[in-house]
Structures are given as structure tokens and as C-alpha cells.
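# A look at the structure
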Amino acid sequence: MKKYRIIIRAFTNRRDVAPMEVLKRVLERKGCEVMLTNNRNFHIATRFWKPDAIVVNTLGDVMIKEQYPDAKIIFFSGEGFHGPNDSHAKIWLERPEFYKNMDMALVWGPKVKEECEERFPKGADLSKIKVVGNPKLDLIKFLPERLKKNKKNSVGFIGRFPKLNDHLARPAMYFLSTKFQLEEAIVQCKSAHAMICAANKILEETDLDISIRPHPHEQLESYPSFISVWFDKKYHNRVSIDNSLFLPTWIAKQRALLSPTSTSFLESYMLDVPVINIDYLSDIIEFNQEYISFTKEWQEAAIMPKTLDELIVLLNDKKNLKVKKDPTIEKQLEEYSDKDPNNSACFKAAQFIINCLEESPRIRTFNIPFAIIDLWDEISFRRNMRWNKHHQNFCYRRGYHKIPDYVDEIVDNIEQSNKPS
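Read on for an overview of the structure. (Residues numbered from 1 in each chain as written. Predicted model: local features only at pLDDT ≥ 70, side-chain atom pairs only at ≥ 80, totals over all residues. Heavy atoms only, no water.)

## Topic: the overall build of the protein chain
Applicable threshold: Helix and strand assignments come from DSSP, with helices taken as H or I runs of at least 4 residues and strands as E runs of at least 2, each series counted from the N terminus. As defined in this context, the radius of gyration uses C-alpha atoms, and a globule is described by 2.2 Å times the residue total to the power 0.38. Under the scheme applied here, a residue whose accessible area is under 20% of the maximum for its type counts as buried, over 50% as exposed, and between as partly exposed, the area being computed with a 1.4 Å probe on protein chains only.
Within the protein chain one finds 19 helices and 11 strands. Scaling as 2.2 N^0.38, a compact globule of 421 residues should have a C-alpha radius of gyration of about 22 Å, and the protein chain matches this with 22 Å. Principal-axis analysis of the C-alpha atoms places the extent of the protein chain at approximately 65 × 50 × 50 Å. Here the protein chain, with 421 residues, has 55% of them falling under the buried criterion.

Following this line, the structure appears as C-alpha cells:
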């Protein structure tokens, strides 16, 4: 019998599955049975599989503790960069039930815990907050070296157009109920237009290929028709859409990344792939500067051409198109992500989870076997796909979505780095 049953909820398919798959395999090697779930099967799996621990990555989901008081509820932050209005400390203070109903919080950087220490009442118990690092960076730190050097004659565009190209194909009108949503939609329109213009300029004036990676909240199915409209037919064979779950391997293939201000800047920075920020080309620089404090620093550390002609000059300048170390970004990585190349967030998280379970072992009760839950989910996935073919954009299904073979190598590297000296 496995030591513990653990459910991990990977909220967004092309954002959360990759790091949580690594955590899953680390836990499995430590003797646990682990189920990676999503919006479709999370509640059914929790109800019938009766896990010892439930790992969630959104603050409100810890309220499941009220339904399953005997299970350990672990919050593992899905994002590490927040503004003052949506920081963990602020939300926990405003919604103390979120803090109360989790047994442990795994946060990315020491600054998150420091902010809690500063803002919580004096003497508050913060022992349940553990700093582990950014799990997304494990995919970079421990990626096999051969995959970090797999450069191609390609530039990558990061899509950020979920309101224009929703993962469930809901129209843009669906997302216009508030003034901020309207502003976001306008910004996304400007950014999409700039991407199309820049890609056409690159195709016409260079021999570079174009690879577009849609936002995790976008649908993939629409892009073939977009390509046929956006680009001349003679260029279609030079344009591709990346649908993989693992972002770092795609980034590593690119000569440069072209993107509006995005957290992907940090992953590119660590992979030594230069980022060309297209906020000037999109006329959205002020909106992104004011979004949160970090975004202005990402803009300043990126390359920001002001015209399409300047963009082409940059792409042809191989000597100067490179990543320069930036003290502000280095500090960000240290304080909010743990950039130490030998530290694994997933390994630390796994150890904390097991320690938490060992403190008060749960009395085992009858549960439906893993195989039956998994079969039920296969049927549920197929049914959802019949109802809406876009379902697969957001909700992971084991076997349908490809997990690359090198993930075991990542876990091997993590274990090797964390061997007792």
C-alpha cells in the first residue's frame, strides 16, 4: 500500500500542469500515490478517493476543508508576483477563513512571508507558511542541458489574448461587464494587432520562422484560421502554433521572444533567451507599467523597440541580441522565486507535504480505487469533449495531453541535486 494518497489540483492546463506533474513524480518517488486533477474531476476524485492531502493553487479553494476536515489542505501558490491589492497577506487578512482552513501554505519567495510578518497582528502564528521557491523554475533549473541548447531559426510570440480568443470560445462581449474588463479587452486588441504586424514584417524581411504560443486561457483551435487570414499563403509554412504543456523547452528553441509585458520574461531571462517587449509597438506601455510594481521592472530589463524597422534591425543584430544581467531582476528572482540553481521548489514542497501528513496520520477509510476514478474521468472527458471541443484547452486529461519523456530526467536531476551530502 502507498504511504499517502494525495490529490493535486492543476487549475489551468497549459500553466499549472507542467510544474505540478514534476511535484507529482517527486511525491510518487517518496512512496505516495498521487492524482493530478482539474476543474472537471477535482470534486469527484476528492469525494470518492478520500485523499490524505489536497493541494490547491488558488486561495479560495482551501475552503474545501469544510467538506473534508480530516484531510490536510495544502495551498501551493500558483503565482508569486502580486500587487499590493491582491497580495497573499492582504487577502488572508481580509478573508481570515482562507488562512484558517489551510493546514499549510507553500509560497514562492521569502518576501511573501516577510509581508505577512509585517502586516499580520503581532504574535500571529505564521508557522504554516513555508517558503519553497517557484515551481515553474524547476522546469528550467533541472531541464536536461541538451534541451536548453536546442536553438532554431525561429522567434516566439507569447499570446495574451484570452478575452479575444477565450478557451471555451465565449465571445468577447461576455467579458465586458466592468470598466477594467473593457480596458483589458482594448489592450489585448492593440497587442494582437501589433503581434500580427510584427510577424508579417519578420516574415517579409527576414528568413526567420514564427512560433506563436497562445495564452493558457486561450483556445488553440482558432489559430489555423487566424494564420490563413493574417499571413500571405506563401508564408504559412513558416508559422507554427505551440500547444505543448511545457513552456521552457519552447522558449529555449527561440532566437528571441516577442511579447507584451508578461511573467514569461523571467523564464526567458533564466534560459538566456532575449525578450523583445512589444508594448511600445502596441501603444500599451502605460497600462502595463501601472499593472503591478514588477511589470515596470520587466519592461526596463527587456529590449523595447519603438518601430517595426527597429525591431528588424534588432533581430538581425546577433552580436547585441542577448540577455544582459540585470540587478533588479536578479533581486526579484532572489526575493520572490528563489533562483538558486540547486534548490528545487517541488522537492521542498514534497518534503513539507509529507512532514505535515506525518505529524497527524489520518485513519484510513474505504475509498474507490484509483483505477475506477481514472476510468470515470476518461468517460467524463470524452463526454465534455462531445459537448464542447474546446474543453481540452483548460482541463487536463492524462493520456490525451502529452507529458514529454524528459520529465523523468528533470526529476532525476532534482533528486541528484538534493542528495544528502
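## Examining the packing of aromatic side chains
Keep this limit in mind: Centres within 6.5 Å make a pair out of two Phe, Tyr or Trp rings, where for Trp the six-membered ring is used; the pair is then stacked when the planes are under 30 degrees apart, edge-to-face when over 60, and tilted otherwise. Whether a charge sits over a ring comes down to the Lys NZ or Arg CZ being within 6 Å of the ring centre and within 35 degrees of the ring normal.
Under the definition given, this model contains 14 aromatic pairs. Centroid distance phenylalanine 226 to tryptophan 230: 5.1 Å. Interplanar angle 25 degrees. Geometry classified as stacked. Of this pair, phenylalanine 226 and tryptophan 230 are both found in helix α9 (residues 223-230), 4 residues apart, which corresponds to roughly one turn of the helix. Between the aromatic rings of phenylalanine 265 and tyrosine 269, the centroid separation amounts to 6.0 Å while the plane-to-plane angle is 35 degrees, which identifies the pairing as tilted. Taken together, the positions of phenylalanine 265 and tyrosine 269, both in helix α11 (residues 264-270) and 4 residues apart, correspond to about one turn of that helix. By the burial criterion, phenylalanine 265 is buried, and tyrosine 269 matches it. Here a set of aromatic residues connected by ring pairs shows up, and it is made of Phe75, Trp92, Tyr99 and Phe120. One residue, arginine 9, lies across the ring of phenylalanine 42, its end atom 5.4 Å from the ring centre. When the ring centre of tyrosine 99 is taken as origin, the NZ or CZ atom of lysine 128, which lies over that ring, is 4.7 Å away.

## Quick look at the packing of helix α2 (residues 42-49) against helix α18 (residues 370-387)
In plain terms, the rule: Orientation is described by axes fitted as lines to C-alpha atoms, over the contacting stretch for helices, and by angles from 0 to 180 degrees between their N-to-C directions. With respect to orientation, any angle under 35 degrees is reported as roughly parallel, any angle over 145 as roughly antiparallel, any angle of 65 to 115 as roughly perpendicular, and every other angle as oblique. For any pair of crossing helices, the crossing counts as left-handed if the nearer helix is rotated counterclockwise from the farther one by less than a right angle, and right-handed if it is rotated clockwise. Whether two residues touch is decided by their heavy atoms; if any such pair falls within 4.5 Å, the residues are in contact. Note on residue classes: Ala, Val, Leu, Ile, Met, Phe, Trp, Tyr, Cys and Pro are nonpolar, Asp, Glu, Lys and Arg are charged, and everything else, Gly too, is polar.
Relative to each other, α2 and α18 sit at 155 degrees, their axes nearing to 11 Å. Overall, the two elements α2 and α18 adopt an arrangement that is roughly antiparallel. Remark: the crossing between α2 and α18 carries right-handed chirality. Contacts between α2 and α18 involve Ile44, Ala45, Phe48 and Trp49 on the former and, on the latter, Phe370, Ile373 and Trp376. Along the lines of polarity and charge, the residues of the contact of α2 with α18 split into 7 nonpolar, no polar and no charged.

## Observations regarding the pattern of salt bridges
Inclusion rule: One speaks of a salt bridge when a side-chain nitrogen belonging to Lys or Arg is within 4 Å of a carboxyl oxygen belonging to Asp or Glu.
Throughout the structure, instances matching the rule amount to 36 salt bridges. Salt-bridge contacts for aspartate 283 lead to lysine 190; the nearest nitrogen and oxygen are separated by 3.7 Å. Taken together, the residues aspartate 283 in the loop between α12 (279-282) and α13 (285-289) and lysine 190 in helix α8 (residues 179-205) connect sequence positions 93 residues apart. Beyond isolated ion pairs, a larger network of salt bridges with shared partners links Glu21, Lys24, Arg25, Glu28, Arg29, Asp408, Asp412 and Glu415.

## So, the layout of surface pockets
One water molecule sets the probe size; rolling that probe over the atoms shows where empty space is left. The test is simple: Cavities and pockets are defined on a 1 Å grid built over the protein atoms alone: a cavity is a set of grid points where a 1.4 Å probe fits but cannot escape, while a pocket is an open set with protein on both sides within 12 Å along at least five of seven lines, and lining residues are those with an atom within 4 Å of any such point. Grid points are joined across faces, edges and corners, and a volume is the space filled by probe spheres set on the points.
In this structure, the second largest pocket spans a volume of roughly 390 Å³. As for the second largest pocket, its lining consists of 20 residues, and the residues nearest its centre are Asn243, Ser244, Leu245, Lys402 and Pro404. Those elements that provide at least two residues to the lining of the second largest pocket are α1 (13-29) and α10 (247-252). Here the lining of the second largest pocket is composed, by residue class, of 8 nonpolar, 7 polar and 5 charged.

## Points about the sheet that holds strand β11 (residues 275-277)
Across a sheet, paired strands are connected by hydrogen bonds in the backbone, their directions being either parallel or antiparallel. Going by this rule: A strand pair is defined by DSSP finding two or more bridges across the two strands.
Within the open sheet, the 5 strands sit side by side as β9-β8-β7-β10-β11. Their pairing is parallel. Of all strands in the sheet, those bounded by a partner on one side alone are β9 (239-241) and β11. Averaged over all neighbouring strand pairs, the angle between strand axes comes to 25 degrees, with direction disregarded. Packing against the sheet, α8 makes contact with β7 (154-158), β8 (209-213), β9 and β10 (256-259), and its axis sits at approximately 175 degrees to β7.

## What about helix α19 (residues 407-417)?
Keep this limit in mind: Within this analysis, the arc is defined by the directions that extend from the helix axis to the C-beta atoms.
Those residues of α19 not exposed but buried are Val407, Ile410, Val411 and Ile414. Looking straight down α19, one finds that the buried residues subtend no more than 95 degrees of arc, so they occupy a single side. Looking at the buried positions of α19, the neighbouring elements they touch are α1, α6 (135-141) and α17 (345-359).

## A closer look at the environment of alanine 350
Within the secondary structure layout, alanine 350 lies in helix α17. Once residues within four sequence positions are removed from consideration, alanine 350 is found in contact with Leu23, Val26, Leu27 and Lys30.

## So, unusual backbone geometry
One non-glycine residue, alanine 169, lies in positive phi territory at about 70 degrees. Taking the relative accessible area as the measure of exposure, alanine 169 reaches 37% and is therefore partly exposed. The phi angle at aspartate 272 is positive, at roughly 65 degrees, despite the residue not being glycine. Tracing the backbone through its elements, the reader meets aspartate 272 in the loop between α11 and β11.

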